[in-house]
Amino acid sequence: PYQVNFFDVLKDLGKKNRFQNWRNETMDGKRVYASSDIEAAKKGVVELDFVQHPASLDRYRVIDESSLKILLAKLNRNMYHVNKLIALKDACREFLFGPEEASAVLLAFDSAEQREDAFVCLYCRLLNIDGCVASVVSRCFRRSEIVGLQVRLGPSAVFDESRVNGSYWFDLGKRDDRECFQKLMSVYSSAKDVLPCLTELMVSDLDGNEEDKDGNEYQESFLNVFQDETKTSAEAVKELFATFDQFQVELVFLSSLFEQEQHEQSSPSSISETSSISESRNRLPSLKR
């Protein structure tokens, strides 16, 4: 009964936002969108990532230095990852976190995968969400580690304008993902003079299939629209959204313009990443409009 009641709450919140706050929905292990299939189900196992900012954060207070020290002491103990997450979730029921505090908390987790789980917990408790996310992500995650956050929170939630080069994952059935895809395409268009390219393109349906029932690759159909020189970029993107509205798209964006900026602004670990980007460009074909 508790799970059913809690799920009813998620359904009500989902309906208010046209289910854009539901991500990666599965019903009995099968990937679906929040639809009549899930709403009408009387039994079964539903799994999803729920991403929504509270309408008001007035009931929470910014974590103070003393409380932060207590939390960090717990997280730095030799304990299982799940227990660390429980401690963090308890803190999130009471406190908000600025970029300094959030970064200190995330760095108490041992691996990128663990920091990803912790960031998902913290995400809706960050102060000044737009500015705070960029600061925390750049401090605590290498660019190559952001894709997992894109899948769980959406690419727009962690779009890093200081590190545009890198991998992207879009669920074109979600409004925020489409907006982020358009943003990347605008960057792509503005950077044409410095030879940007999109590589390692993968297009798949909800079941993870990369071909239709007749054996035609979705990637080829996607490219036919994307590279149609009779269409403007805006027209091509509009047709892509209409044709692939229930598909996942993975790609790598590469531009020497942003590579130079990253060399100038990044830490040594990030610079090593951009070096690997140069190597990727040399060996991978590009997609150009």
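Please read these numbers as outputs of a predicted model, since none were measured by experiment.

What counts, and at which threshold
- Residues numbered from 1 in each chain as written.
- Predicted model: local features only at pLDDT ≥ 70, side-chain atom pairs only at ≥ 80, totals over all residues.
- Heavy atoms only, no water.
- pLDDT = per-residue confidence, 0-100.
- Contact = heavy atoms within 4.5 Å.
- Helix = DSSP H or I, 4+ residues; strand = E, 2+ residues; numbered from the N terminus.
- Buried < 20%, exposed > 50% of the residue type's maximum accessible area, 1.4 Å probe, protein only.
- Polar contact = N/O pair within 3.5 Å; in protein donor to acceptor, adjacent residues only side chain to side chain.
- Core = buried A, V, L, I, M, F, W, Y, C linked by side-chain atoms within 4.5 Å.
- Patch = residues over 30% accessible without salt bridge, like charges linked within 9 Å, V, L, I, M, F, W, Y side chains within 5 Å.
- Areas by Shrake-Rupley, 256 points an atom, 1.4 Å probe, with all protein chains shown as cover.
- Salt bridge = Lys/Arg side-chain N within 4 Å of Asp/Glu carboxyl O.
- Lys, Arg positive; Asp, Glu negative; His and termini not counted.
- Charge placed at Lys NZ, Arg CZ, Asp CG, Glu CD.
- Phe/Tyr/Trp six-rings, centres within 6.5 Å; stacked < 30°, edge-to-face > 60°.
- Lys NZ or Arg CZ within 6 Å of the ring centre and 35° of its normal.

Brief notes about the confidence of the model for the protein
Scored by pLDDT, the protein comes out at a mean of 83, with 83% of its residues at no less than 70. Here residues 260-289 is modelled with pLDDT under 50, and outside its nearest four sequence neighbours on either side it reaches 56 contacts, counting other chains as well.

Remarks on the environment of Glu25
With respect to the helices and strands, Glu25 occurs in strand S1 (residues 22-27). Taking relative accessible area as the criterion, Glu25 reaches 0% and is therefore assigned buried. A C-alpha to C-alpha distance of 4.4 Å links Glu25 and Leu48, two positions 23 residues apart in sequence. Of the polar contacts made by the side chain of Glu25, one reaches the side chain of Arg31; its length is 3.3 Å.

As for the nonpolar core
Counting residues in each nonpolar core, the largest one holds 36 residues, and the members touching the most others are Leu88, Phe97, Val105, Phe119 and Leu122. Taken together, the elements giving at least two residues each to this core come down to helix H3 (65-75), helix H4 (81-92), helix H5 (99-106), helix H6 (112-122), helix H7 (129-140) and helix H8 (147-153). Ignoring any residue separated from it by four or fewer positions in sequence, one finds Val105 in contact with Leu68, Leu71, Leu72, Leu75, Leu88, Phe97 and Leu122.

Concerning a negative patch on the surface
Taken together, the side chains of Glu210, Glu211, Glu217, Glu220 and Glu250 define an acidic patch exposed on the protein surface. Among the secondary structure elements, Glu210 is positioned in the loop between strand S7 (197-204) and helix H10 (218-226).

Description of the packing of aromatic side chains
Counted under the stated rule, the structure contains 12 aromatic pairs. When the ring of Phe159 is compared with that of Tyr168, the centres are 6.2 Å apart and the planes differ by 35°; the resulting orientation is tilted. Tyr168 matches Phe159 in its accessibility class, with the two residues each being buried. Their ring planes at 85° and their centres at 5.2 Å tell us that Phe170 and Phe181 sit as a pair that is edge-to-face. Taken together, the residues span a long stretch of sequence, with Phe170 in strand S6 (residues 166-171) and Phe181 in helix H9 (residues 175-190) at a distance of 11 residues. Exposure class is identical for Phe170 and Phe181. Each is buried. Ring pairing ties together the aromatic residues Phe159, Tyr168, Phe170, Phe181, Tyr218, Phe222, Phe241, Phe244 and Phe247, which thus form one cluster. One Lys or Arg, Lys84, reaches over the ring of Phe109 and ends 5.6 Å from the middle of that ring.

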